[in-house]
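One-letter residues, chain by chain:
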Amino acid sequence: MEGWDETTFGETFEVATGSTPPKARKELYGSHIVFVKPPELLGGDIYESSDGLSEIGAEQARILPVGSVLVSCIGNIGKLGVTRVLATCNQQINAVKPNRDFASPDFVFYYCQSDRFRSQLISLASGTTVPIVNKGKFCSIRIPLPPLPEQERIVAILDEAFAAIATATANA
């Protein structure tokens, strides 16, 4: 489409793979920062998690800014979430950090729900027992990026549609 760019996650965004501090070091865990694992990727906003890291633990982790899109890339690949607070995640998750100069985090999140994204992600998976998409392969996934005002218009339409679905579901 006119004005839209086709790029890859690696060309346009900083992608980070999470890490897990040693469980034996209890002082690394606490409630200072949200620590996301794949079961908490439920296709929506992330404000909290069942585990957290202490201030000491957070110093050893990769801190993800608000608006980071999280994608599970080991095991049950393609589970999604978007951070609405500062967070960190484990090594089964790749985080697409927001670059608000080029993309709305919500636009990226909605794109990651698309069949086009999912088919690319699945086609990159390797492993016979447990599917895995490493960071390098993940960064090669293509994403169309319209101008920011168009992204915001698309997000507004999708937000409204999903809100109407939620209301209809609640009323049913």
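Preceding block: the structure.
Keep in mind the model is a prediction, meaning the values are calculated, not measured. (Residues numbered from 1 in each chain as written. Predicted model: local features only at pLDDT ≥ 70, side-chain atom pairs only at ≥ 80, totals over all residues. Heavy atoms only, no water.)

A. Spotlight on the overall build of the chain. For the chain, the helix and strand inventory stands at six helices and 10 strands. For the chain, the C-alpha radius of gyration of 17 Å lies close to 16 Å, the compact-globule estimate for 172 residues. Principal-axis analysis of the C-alpha atoms places the extent of the chain at approximately 55 × 40 × 35 Å. Out of the 172 residues belonging to the chain, those deemed buried represent 42%. Intrachain contacts of the chain at a sequence separation of at least 6 include 70% that bridge at least 24 residues. A total accessible area of about 9,100 Å² is found for the chain, and carbon and sulfur atoms account for 56% of it. Positive and negative side-chain charges in the chain, numbering 15 and 19 respectively, have mean positions lying 9 Å apart. (Helix = DSSP H or I, 4+ residues; strand = E, 2+ residues; numbered from the N terminus. Rg over C-alpha atoms; globule rule 2.2 N^0.38 Å. Buried < 20%, exposed > 50% of the residue type's maximum accessible area, 1.4 Å probe, protein only. Contact = heavy atoms within 4.5 Å. Areas by Shrake-Rupley, 256 points an atom, 1.4 Å probe, with all protein chains shown as cover. Lys, Arg positive; Asp, Glu negative; His and termini not counted. Charge placed at Lys NZ, Arg CZ, Asp CG, Glu CD.)

B. Broad picture of the pattern of salt bridges. Going through the model one piece at a time under the given rule, you end up with nine salt bridges. Across the salt bridge formed by E6 and R142, the nearest N and O atoms sit 3.3 Å from each other. With E6 in strand β1 (residues 5-8) and R142 in strand β10 (residues 142-145), the pair connects residues that are 136 residues apart, well separated along the chain. Residue R142 is classed as partly exposed on the basis of its relative accessible area, which comes to 33%. Residues E150 and R153 are paired through a salt bridge, measuring 2.8 Å at the closest nitrogen-oxygen approach. A residue pair is termed a helical-turn pair when its members lie 3 or 4 positions apart in one helix, as E150 and R153 do in helix α6 (residues 148-171) at three residues. By relative accessible area, which is 23% here, E150 ends up partly exposed. Bridged by salt links that share partners, the residues E6, R116 and R142 form one connected network. (Salt bridge = Lys/Arg side-chain N within 4 Å of Asp/Glu carboxyl O.)

None of the figures reported here should be taken as evidence of function without further support.
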